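# Coordinate inspection notes
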Amino acid sequence: MSFEMIKEKYTGPIKEIELGKGDNTVKVGGETCLPFYQFEGEVTNRPKIAMEIWDMDPEEWPAAAREPFKDVIGDPAAWAKKCVQDYGADLICLHLRSTDPNEHDVSAEDAVAKVKKVNEAIDVPLIVWGTANPDKDSVVLKKVAEDCSGENLIIGPIEDVTHKSIGAAVMGYGHTAVASSPIDINLAKQINILLENLGLPLNKIVVDPTTGGLGYGLEYSYSVMERIKLAAMTFGDDKLQLPLINYIAFDVWKCKEAKQPVEEDPRIGDPERRAIMMETIAATTYLMAGSNILILRHPETVRLVRQYIELLLEGGTAQDVAPIQKNLSQPEIDYVSMSPEPDLTIEEAKEAPKAEAKKEEAPKEETKKEEAPKEEAKEKAPKEEAPKEEAKAEAPKEEPPKEEAKAEPAQEAAQPSVDESKLRAEIEDKLRKEMEEKLRRETESKAKAEAAEESAEQKEEKAKKAAEEKARQEAEAREKEKEKLKAQLEKDEKEIREKVKKARKGQAGQEAPSFPEKPEEEGPERILRVLRQIHSQAA
């Protein structure tokens, strides 16, 4: 029976977007499956690598990041050209860092001049990245879009607060927008809808879900990117069927661990290798989440990530990938002095000296016990008033026990098995006593619990009987009250009859009203009936 791969069916592909102009165009997106799932669909365009450059000298960069570009780092155009020609960058990302109002606050005109110079020096698409300051970006990026009309630059970040100002300029002058949202799938969809409502077609938008550095929020960004891809491809949400871009370089290299020198903490190793690996791990992680454009900084990271993409798509073994090529000298780190002393002793070997020490101590203790009575006898001897001659006579008698005492330890030392069995017996006795004590406590606690349970049941039974007795007494009291009321009614009826007879005796020709001796009615109804008859006769 042949093996059949179970394939997931997707409702829609990621839109293919063309970046750049003329012969310098690059296509991203277009895949019909989840990242690198070529057994379920087609990866039309490989993920692209953009290299980061700044429009100023990045003095805050560590030596590991500056060293590969030390000859061109002051010239953005030459810097960009080197990234393309020497390191094979698919795109260039020009970060307009100098326009930050909290730092140099360079004017929009100066920024536009640098953008044009860089764009003319390279033959790949150009990403223009602002400072994420809404007020400044609205001025600078709008001016860039206007003065570079028709160049199809990738301009961002465009957030919800700047989508009208920057988004309108991007749409009007024929560029592609980077829609940025703060790690939230709903906000990512919202900014896409806002730009579409503004008139920008969806095939001119790439999504920036906000990139977290390694150890600084990477897992949150990964989770949101995964949800965006699933919503786009599995549930067919066309507002999210767009390529993803991740600005990894800026978020990784600004963290403490990427810049920390070896003098501060030698335990975390070579700073150059450490930072390159942090950027590489972040990049490969975002590739697995579905990134289409990675913005990286170090050339070694670019090489390693490109080979990783090649292995995933074409196959092969990572053993052929060359290790990191250093540009800086190897730091001297004495790992041996920082490491703890290794304890290579076997557990059985550790216990053996202890057992021997116990065996050696046992005969000494026995000797001390036997010599103790002799010392006591010597202390008491001066206090006794016996004659000196008797003391001298008794002295020789004490010598044999001393010899025996000396001989006994020697014999015991020669036979340590006796002491060992004695020690084992003592331990077993101690354990037995502890178990008996534990069993006794458990029995007592169980008895107390049963007694408490019985007392609770007894209390409940007593309360039940008391309630029944109270109900019985109340019922009897009601019966007695009822009998008393009945007797009172009969007495009242009799008195009324007597009064009526006396009132009618003096009236001639009239017959006294007759009343039944035992009326059928009882209680208040009978009284009312009698009263009505009396009133009718009196009338």
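About the criteria used
Residues numbered from 1 in each chain as written. Predicted model: local features only at pLDDT ≥ 70, side-chain atom pairs only at ≥ 80, totals over all residues. Heavy atoms only, no water. 1 Å grid on protein atoms, 1.4 Å probe; cavity = no way out; pocket = protein on both sides within 12 Å on 5 of 7 lines; lining within 4 Å. Points joined across faces, edges and corners; volume = space filled by probe spheres on them. Nonpolar A, V, L, I, M, F, W, Y, C, P; charged D, E, K, R; others polar. pLDDT = per-residue confidence, 0-100. Contact = heavy atoms within 4.5 Å. Helix = DSSP H or I, 4+ residues; strand = E, 2+ residues; numbered from the N terminus. Expected span 1.5 Å × (residues − 1). Buried < 20%, exposed > 50% of the residue type's maximum accessible area, 1.4 Å probe, protein only. Phe/Tyr/Trp six-rings, centres within 6.5 Å; stacked < 30°, edge-to-face > 60°. Lys NZ or Arg CZ within 6 Å of the ring centre and 35° of its normal. Pairing = 2+ DSSP bridges. Axes fitted to C-alpha atoms, helices over the stretch in contact; angles between N-to-C directions. Patch = residues over 30% accessible without salt bridge, like charges linked within 9 Å, V, L, I, M, F, W, Y side chains within 5 Å. Areas by Shrake-Rupley, 256 points an atom, 1.4 Å probe, with all protein chains shown as cover. Salt bridge = Lys/Arg side-chain N within 4 Å of Asp/Glu carboxyl O. Lys, Arg positive; Asp, Glu negative; His and termini not counted. Charge placed at Lys NZ, Arg CZ, Asp CG, Glu CD.

### Comments concerning empty space enclosed by the protein
Tallied over the entire structure, the rule returns 2 cavities of 30 Å³ or more. When its volume is computed, the largest cavity comes out at roughly 110 Å³. Lining the largest cavity are 13 residues, with Glu31, Pro35, Phe36, Pro47 and Asn292 positioned closest to its centre. Each residue belonging to the lining of the largest cavity can be placed in one class, and the counts come to 7 nonpolar, 4 polar and 2 charged. Size it by volume and the second largest cavity reaches roughly 70 Å³. Trp54, Glu60, Trp61, Pro62, Phe250, Trp253, Lys254, Lys259 and Arg297 are the residues that line the second largest cavity.

### Let's talk about the confidence of the model for the protein
Counting all residues, the mean pLDDT for the protein is 84, and 81% of those residues have values of 70 or more. Per-residue pLDDT stays below 50 along residues 381-418; that stretch engages in 13 contacts with residues further than four places along the chain or on separate chains.

### A closer look at helix H11 (residues 299-314)
In this model H11 runs 22 Å from its N-terminal to its C-terminal C-alpha over 16 residues, within 8% of the 22 Å that 1.5 Å per residue would give. The set of residues buried in H11 consists of Pro299, Glu300, Thr301, Val302, Arg303, Leu304, Val305, Ile309 and Leu313. A positive phi of about 90° marks Gly315, the residue just after H11.

### Notes on the packing of aromatic side chains
By convention here, two paired aromatic rings are described through the distance between centres and the angle between planes. Counted under the stated rule, the structure contains 7 aromatic pairs. A ring pair is formed by Trp54 and Trp61, whose centres lie 5.5 Å apart and whose planes are at 75°; its orientation type is edge-to-face. Take Trp54 and Trp61: they sit in the same class, and that class is buried. Pairwise contacts between aromatic rings join Trp54, Trp61, Phe69, Trp79 and Tyr87 into one cluster. Cation over ring: Arg297 sits above Trp61, and NZ or CZ is 3.8 Å from the ring centre.

### Here's the deal with the sheet that holds strand E6 (residues 154-158)
Taking strand neighbours across the sheet as the criterion, the 8 strands line up as E8-E7-E6-E5-E4-E3-E10-E9 in an open arrangement whose pairing is parallel. Strand pairing shows two members of the sheet lacking a second neighbour, strand E8 (205-208) and strand E9 (245-247), which therefore form its edges. The sheet shows a mean angle of 25° between the axes of neighbouring strands, taken without regard to direction. Examined bridge by bridge, E9 and strand E10 (residues 293-296) share 3 bridges and lie parallel to one another.

### Focus: a negative patch on the surface
Among the surface-exposed residues, Glu450, Glu453, Glu454, Glu457, Glu460, Glu461 and Glu468 lie close enough to one another that they form a single negatively charged patch. Following the sequence through the fold, Glu450 ends up in helix H15 (residues 416-505). Take Glu450: its relative accessible area is 41%, and that puts it in the partly exposed class.

### Describing the pairing of strand E4 (residues 91-95)
The element E4 is largely enclosed, with a buried count of 5 among its 5 residues. Covered by surrounding structure in E4 are Leu91, Cys93 and His95 together with Ile92 and Leu94, the residues of both alternating faces. Alignment of strand E3 (residues 48-54) against E4, held across 5 bridges, turns out to be parallel. Looking at the pairing, Ala50 lines up with Leu91 of E4. Bridge count for E4 against strand E5 (residues 126-129) is 4 bridges, and the pairing is parallel. Bridge pairing in E5 places Leu94 opposite Val128.

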